[in-house]
Amino acid sequence: MEKTNKMEKIFIILLIFVPLSLLAEYIHFSPIVIFVLASLAIIPLAKFIGESTEEISVHTGPALGGLLNATFGNATELIISFFALQAGLTNMVKASITGSIIGNLLLILGMSLFFGGLGKDQQEFNTTAAKTSASTLFLATAAIVMPAVFVLTSDNPSDAVIETLSIAVSVIMAISYLASLLFSLRTHKHLYTADTAECSARWSVKKSVTILLVSTVAVAVMSEVLVGSIEPLAESLGWTELFIGMIFIAIIGNAAEHVSAITIAIKNRMDLSLQIAIGSTTQIAMFVVPVLVFTSYFFETPMNLIFTTFELACIVAAVLMVKSIIEDGKSNWFEGLQLLGTYGIIIVVSFLHP
Amino acid sequence: MEKTNKMEKIFIILLIFVPLSLLAEYIHFSPIVIFVLASLAIIPLAKFIGESTEEISVHTGPALGGLLNATFGNATELIISFFALQAGLTNMVKASITGSIIGNLLLILGMSLFFGGLGKDQQEFNTTAAKTSASTLFLATAAIVMPAVFVLTSDNPSDAVIETLSIAVSVIMAISYLASLLFSLRTHKHLYTADTAECSARWSVKKSVTILLVSTVAVAVMSEVLVGSIEPLAESLGWTELFIGMIFIAIIGNAAEHVSAITIAIKNRMDLSLQIAIGSTTQIAMFVVPVLVFTSYFFETPMNLIFTTFELACIVAAVLMVKSIIEDGKSNWFEGLQLLGTYGIIIVVSFLHP
Amino acid sequence: MEKTNKMEKIFIILLIFVPLSLLAEYIHFSPIVIFVLASLAIIPLAKFIGESTEEISVHTGPALGGLLNATFGNATELIISFFALQAGLTNMVKASITGSIIGNLLLILGMSLFFGGLGKDQQEFNTTAAKTSASTLFLATAAIVMPAVFVLTSDNPSDAVIETLSIAVSVIMAISYLASLLFSLRTHKHLYTADTAECSARWSVKKSVTILLVSTVAVAVMSEVLVGSIEPLAESLGWTELFIGMIFIAIIGNAAEHVSAITIAIKNRMDLSLQIAIGSTTQIAMFVVPVLVFTSYFFETPMNLIFTTFELACIVAAVLMVKSIIEDGKSNWFEGLQLLGTYGIIIVVSFLHP
């Protein structure tokens, strides 16, 4: 309990970066400083979005609560992506989706298994829920790989065809996502750890909703600041949009989940830790991606589903690696390190990638 | 029992499409009508080939019966493919092989797990037989992928080299297939559900052989009609040979198995249902493919083993997806839906593919 | 015991090929004869390196002994590769690495499961150690695939970038390898069969060290002879460096392990047999590869980590196939045959590959 309070205090202190980044933006400070300040400001805000959603879900009961969590769980990624799409950075948005997927699967899960496994012979977890998530990951991978294969094996397909393809595949992903909610919240909810049952509400509904709204608006403002700093940052450091999107934007958007998954793994509650890391991945692939594809048609440059071959290779490598590690329902520190090693290889390659 | 009789009546009624399609062909009706009529005519004929083979195998005993089933189980696909090869449609034949593999793995198995799993918490099945089939699928996938990789990574290989490669790999596939029969019918037959033991013969040997011969000849005639309508059909609807082969020809050739696998899954006999869906796939890959490669050298345009990159991606996606879902020996409706979702994605992509 | 003595006698007799190959080299015999004689000479020498290392490890205790085994276990491959790198045959070295990986996974393991499984219903083995090795294989595969994907998706990357990439990825592989030693020799040593405990030392430390040194020097001399015969051999037979490296050099470098793994599998000690076949593979990928990359910078033509697409396809096919077969902790003869079938397909394709 005390530790939680301490963590909470750190998050409240981090809020200081909200006004700081606004100030830096106002006085046209260097883009690196603005980028760092805005990133640090988003982390506690994302945490408060997550917390207020959970508080509300305690009041609404598990079914509606699960739905709320599933929808608002990726609010930060969604908001940052909206602003990036508006700025025409569609390739960076796709890179950040790739980065969120591999970040959750390799970095978060890797650190969870590594730190969770230190000093223990092995940690165990229920395989049925993990395996269903793994199959969903495979479906998401197929949904991301097949349109790219289409483009690679077609001779200059028209934009209209690619658009049709992106929307049709997104519809299938969205339907599968709704079905997965039906599965995890209704027909097979006993497979999923009932975490909301454990914690009683600390905040009133009114307070929770207020915090949710204020944090969401603040994340939106910070995201606009952050996105505005990316292009000058990329230029001044010589970094590619691929690298910034895949590593930094992805980590910022998922920072709150990172902290939760790892602290929970150290407490040996592996089921919940896996649920956060893998569940968050499938939500990004099956919910965030279709939403971005659909809404992007209201922006100037619509986002299609055509990821680059390099991104596909990263996603396929991450999914196969995680599949291989979780399927026996046991983990140890070395398996965590293997995930981190794979993440390291991908960082190196994407840093050097032109 | 009653239900079986009802099903049988439907199949007998469907026989009306045999003379109808001949009539349509004779009066040069539109190719769409001829295609639909011939397709509907083949479905009951395929069923009677399957049934008469099973009846004969009751008389011959399980060992020879299993061999008969393995050989005649794909008679319909083989016959349609022969006529298509004769018409020079080698690409469509390869597309229909791809379609049979993904149709069996994603559509049939998907519908079996989905409808079988509705209203149940989970369905269970023996994993050893399923896993051996999965390994055979991996071997078949390697046999299909490696020649294509050879062509992609060689600089314009000669037709003679591709021919040698196709035949050498086909020989390895054929040997593995014979070994798999030795495994499933002799050394490890206890792993496979003894279904023939349950049903006593309803037909005499003479009746069975007569029905087998008549159905086979009729399928041959219908296949010729069907294949003749494909090119004008493709032209008039603007569909590609890839799409027609991969979706329609594949479904027609396997329609009887589709019905069996799903009805059996609803009865909760998952082992047999999997055996039909996956066993049929390995038979197509390891038996039908080499037979077509060998015999195609008697036709004008021999068929090589070089599948397109798009077909490979579909096959690899389907095999990995099915592997991921069956390996724990349990299934539920959502896993069936995931297979169907993957199939849907592939349909969309192959429909739009130029 | 008697059998072991008989085996040992065969290895001692094989030593006759050491002077014979020197003689053939001296009188400038045909390269085919020199290649065959030097190959036959290396096999018993590799065996004596292995045996003397094991003898020393009995004296040093399991921790240091395991380290010694891990380092000297691939001495033969390393030495042959050094001479090949010196001769500028970097592509052949990479082909022989690919060949060692698929040879260990498909040929050795395939023969072990096939001959071990003959006449038995199934053989069983501990899955935790096998699965950890499988995950290490996935990591190694990612480390080998990602740099190649980098090159395929970049537009003519400079040599300097490829060099940086190769070294950075090699560092990650080397760290993972050290971690794997920590895992198998310290934190989770109970998972690994304590084989050194069983056999008491037959040789004194002095005798073991002498044999180790003499064998190593002899392997070095033989390797130089062998490597010198490769280019004229390739020319006279019309074989490619890919084929010679991938099939022959790979088999020669691992011949001693081949014999051990198979004889042990027939004695039904599957855990040890798997440990040899898969452990040897991960050692090559995670230890031999980085060492070669690092040391190659002292030679004229440094070796990068960019494998060809064809090699990647072989490695990925082998790793997925083995993963699929070992993960349930059971094996039978047919699974061995499936591995051999995959190996056969790869041999055919690499023989025809230009």
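Residues numbered from 1 in each chain as written. Chains lettered and ligands numbered in written order. Predicted model: local features only at pLDDT ≥ 70, side-chain atom pairs only at ≥ 80, totals over all residues. Heavy atoms only, no water.

1. A few points about the overall build of chain A
At step 1: When helices and strands are counted, chain A shows 13 helices and two strands.
At step 2: Relative to a compact globule of 354 residues, whose C-alpha radius of gyration would be 20 Å, chain A shows 20 Å and is just as compact.
At step 3: Across its three principal axes, chain A shows a C-alpha extent of roughly 50 × 50 × 40 Å.
At step 4: Contacts in chain A between residues far apart in sequence, at least 24 positions, make up 85% of those at least 6 positions apart.
At step 5: Counting every atom, chain A has about 13700 Å² of accessible surface; 66% of that belongs to carbon and sulfur.
At step 6: A distance of 13 Å separates the average location of the 16 positive side-chain charges in chain A from that of its 25 negative side-chain charges. (Helix = DSSP H or I, 4+ residues; strand = E, 2+ residues; numbered from the N terminus. Rg over C-alpha atoms; globule rule 2.2 N^0.38 Å. Contact = heavy atoms within 4.5 Å. Areas by Shrake-Rupley, 256 points an atom, 1.4 Å probe, with all protein chains shown as cover. Lys, Arg positive; Asp, Glu negative; His and termini not counted. Charge placed at Lys NZ, Arg CZ, Asp CG, Glu CD.)

2. Overview of the interface of chain B and chain C
At step 1: Tallying the contact residues gives 30 residues for chain B and 29 residues for chain C.
At step 2: In total, about 2600 Å² of surface goes out of reach between chain B and chain C, with carbon and sulfur atoms giving 73% of it.
At step 3: The interface formed by chain B and chain C holds one salt bridge in total.
At step 4: Its salt-bridge partner being Lys323(B), residue Glu327(C) comes within 2.6 Å of it at the nearest N-O pair.
At step 5: Put simply, chain B and chain C have seven residue pairs in polar contact (both at pLDDT 80 or more) between them.
At step 6: Of all the secondary-structure elements, those providing two or more residues to the side of chain B that touches chain C are α7 (127-153) and α8 (159-187) of chain B. (Buried area = accessible area lost by both parts, 1.4 Å probe. Salt bridge = Lys/Arg side-chain N within 4 Å of Asp/Glu carboxyl O. Polar contact = N/O pair within 3.5 Å; in protein donor to acceptor, adjacent residues only side chain to side chain.)

3. With respect to the interface of chain A and chain C
Quoted interface sizes are often the accessible area lost when the parts come together.
At step 1: The interface is formed by 29 residues belonging to chain A together with 30 residues belonging to chain C.
At step 2: For the pairing of chain A and chain C, the buried interface totals around 2600 Å² over both sides, and the portion due to carbon and sulfur atoms is 73%.
At step 3: Summed over the shared surface of chain A and chain C, the number is one salt bridge.
At step 4: At the junction of chain A with chain C, the criterion picks out seven residue pairs in polar contact (both at pLDDT 80 or more).
At step 5: For the side of chain A that touches chain C, the secondary-structure elements that each account for two or more residues are α12 (309-326) and α13 (333-352) of chain A.
At step 6: With 13 residues, the single largest contributor to the side of chain A that touches chain C is α13(A).
At step 7: When its residues are assigned to classes, the side of chain A that touches chain C shows 15 nonpolar, eight polar and six charged. (Nonpolar A, V, L, I, M, F, W, Y, C, P; charged D, E, K, R; others polar.)

4. Observations concerning helix α10 (residues 241-266) of chain A
All names here are of chain A.
At step 1: Along its length, α10 shows its largest kink, about 65°, at Asn 254.
At step 2: The buried fraction of α10 amounts to 19 of the 26 residues, a majority that puts the element mostly inside the structure.
At step 3: Directly after α10, the chain includes Asn 268, whose backbone phi takes a positive value near 70°. (Bend = angle between axes of the 7 residues up to and from the residue. Buried < 20%, exposed > 50% of the residue type's maximum accessible area, 1.4 Å probe, protein only.)

5. Here's the deal with the side chain of Ser133(C)
At step 1: Following the sequence through the fold, Ser133(C) ends up in helix α7 (residues 127-153).
At step 2: Among all residues touching Ser133(C), those that are not within four sequence positions of it are Ile278(C) and Thr282(C).

6. Considering the environment of Val322(A)
At step 1: Summarising the element assignment, Val322(A) is placed in helix α12.
At step 2: The contacts of Val322(A), once residues within four sequence positions are left out, are Leu105(A), Leu109(A), Ile278(A) and Leu339(A).

7. Overview of the packing of aromatic side chains
At step 1: Scanning the entire structure with this criterion turns up 33 aromatic pairs over all chains.
At step 2: Ring pairing ties together the aromatic residues Phe35(A), Trp239(A), Phe243(A), Phe248(A) and Phe351(A), which thus form one cluster. (Phe/Tyr/Trp six-rings, centres within 6.5 Å; stacked < 30°, edge-to-face > 60°.)

8. Quick look at the relation of the copies chain A and chain C
In this structure, two copies of a chain are linked by a rotation about an axis accompanied by a shift along it.
At step 1: When chain A is fitted onto chain C, the two copies agree to an RMSD of 0.1 Å after a turn of 120° and an axial shift of 0.0 Å. Each copy turns onto its partner about a three-fold axis.
At step 2: A share of only 3% of interface residues in chain A that are also interface residues in chain C marks the association as one of differing surfaces. (Least-squares fit on C-alpha atoms with pLDDT ≥ 70 in both.)

9. Considering the side chain of Thr281(C)
At step 1: With respect to the element layout, Thr281(C) can be found in helix α11 (residues 270-295).
At step 2: In contact with Thr281(C), not counting residues within four places along its chain, are Ile101(C), Asn104(C), Leu105(C) and Leu137(C).

10. Here's the deal with the relation of the copies chain B and chain C
At step 1: Rotating chain B by 120° and moving it 0.0 Å along the rotation axis overlays it on chain C with an RMSD of 0.0 Å.
At step 2: An overlap of only 3% is found between the interface residues of chain B and their copies at the interface of chain C, pointing to separate contact surfaces.

11. Some points on the pattern of salt bridges
At step 1: Counted according to the given criterion, the structure contains 15 salt bridges over all chains.
At step 2: It is possible to trace a salt-bridge network through shared partners that takes in Lys323(A), Glu327(A), Lys323(B), Glu327(B), Lys323(C) and Glu327(C).

12. Looking at the environment of Ala318(C)
All names here are of chain C.
At step 1: Note on placement: Ala 318 falls in helix α12 (residues 309-326).
At step 2: Judged by its relative accessible area of 0%, Ala 318 falls in the buried class.
At step 3: A C-alpha to C-alpha distance of 22 Å links Ala 318 and Thr 263, two positions 55 residues apart in sequence.
At step 4: Filtering out sequence-adjacent residues up to four positions away, Ala 318 remains in contact with Ile 102, Leu 105 and Leu 106.

13. Quick notes on the confidence of the model for chain A
All names here are of chain A.
At step 1: For chain A, per-residue confidence averages 88 on the pLDDT scale, and residues scoring 70 or more make up 96% of the total.
At step 2: Looking at the elements of chain A, mean pLDDT is at its lowest for helix α4 (residues 62-72), recorded as 73, and at its highest for α13, recorded as 94.
At step 3: Two numbers describe this predicted complex: its pTM, 0.91, and its ipTM, 0.89. (pLDDT = per-residue confidence, 0-100.)

14. Points about a nonpolar patch on the surface
All names here are of chain A.
At step 1: Together, Ile 13, Ile 16, Leu 20, Leu 23, Tyr 26, Ile 27 and Phe 29 give the surface a local cluster of nonpolar side chains, amounting to about 760 Å² of exposed area.
At step 2: Per element, the largest residue contribution to the nonpolar patch is three residues, and it comes from helix α2 (residues 17-26).
At step 3: Tracing the chain through its elements places Leu 23 in helix α2.
At step 4: By relative accessible area, which is 48% here, Leu 23 ends up partly exposed. (Patch = residues over 30% accessible without salt bridge, like charges linked within 9 Å, V, L, I, M, F, W, Y side chains within 5 Å.)

15. Comments concerning the packing of helix α6 (residues 90-117) of chain C against α12(C)
All names here are of chain C.
At step 1: Closest axis-to-axis distance for the α6/α12 pair is 10 Å, and the angle between their directions is 25°. Between α6 and α12, the interaxial angle falls into the category roughly parallel. For the pair α6 and α12, the sense of crossing is left-handed. Where α6 abuts α12, its residues Asn 91, Lys 94, Ala 95, Thr 98, Ile 101, Ile 102, Leu 105, Leu 106, Leu 109 and Leu 113 lie against Glu 311, Cys 314, Ile 315, Ala 318, Val 319, Met 321, Val 322, Ile 325 and Ile 326.
At step 2: Across the contact of α6 with α12, the residue classes tally to 15 nonpolar, two polar and two charged. (Axes fitted to C-alpha atoms, helices over the stretch in contact; angles between N-to-C directions. Parallel < 35°, antiparallel > 145°, perpendicular 65-115°, else oblique. Left-handed = near helix turned anticlockwise from the far one by under 90°.)

16. Remarks on the packing of α2(A) against helix α3 (residues 31-60) of chain A
Residues and elements named next belong to chain A.
At step 1: Between α2 and α3, whose axes approach to 8 Å, the crossing angle comes to 155°. Relative to α3, the element α2 is oriented roughly antiparallel. Classified by chirality, the crossing of α3 by α2 is left-handed. Side by side, α2 and α3 meet where Phe 17, Val 18, Leu 20, Ser 21, Ala 24 and Glu 25 of the first sit next to Ile 34, Leu 37, Ala 38, Leu 40, Ala 41 and Leu 45 of the second.
At step 2: Partitioned by chemical class, the residues of the contact of α2 with α3 number 10 nonpolar, one polar and one charged.

17. Quick notes on helix α3 (residues 31-60) of chain C
An α-helical turn contains 3.6 residues, so any two residues separated by three or four positions project in the same direction.
At step 1: Between its first and last C-alpha atoms α3(C) spans 42 Å; for 30 residues at 1.5 Å apiece the expected length is 44 Å, and the two agree.
At step 2: Once α3(C) finishes, Gly61(C) follows within two positions and takes phi at roughly 95°, a positive value. (Expected span 1.5 Å × (residues − 1).)

18. What to know about the environment of Val151(B)
All names here are of chain B.
At step 1: In this structure, Val 151 sits in helix α7.
At step 2: Note on Val 151: relative accessible area 23%, which makes it partly exposed.
At step 3: Excluding residues that lie within four positions of it along the chain, Val 151 makes contacts with Pro 157, Ile 162 and Ile 306.

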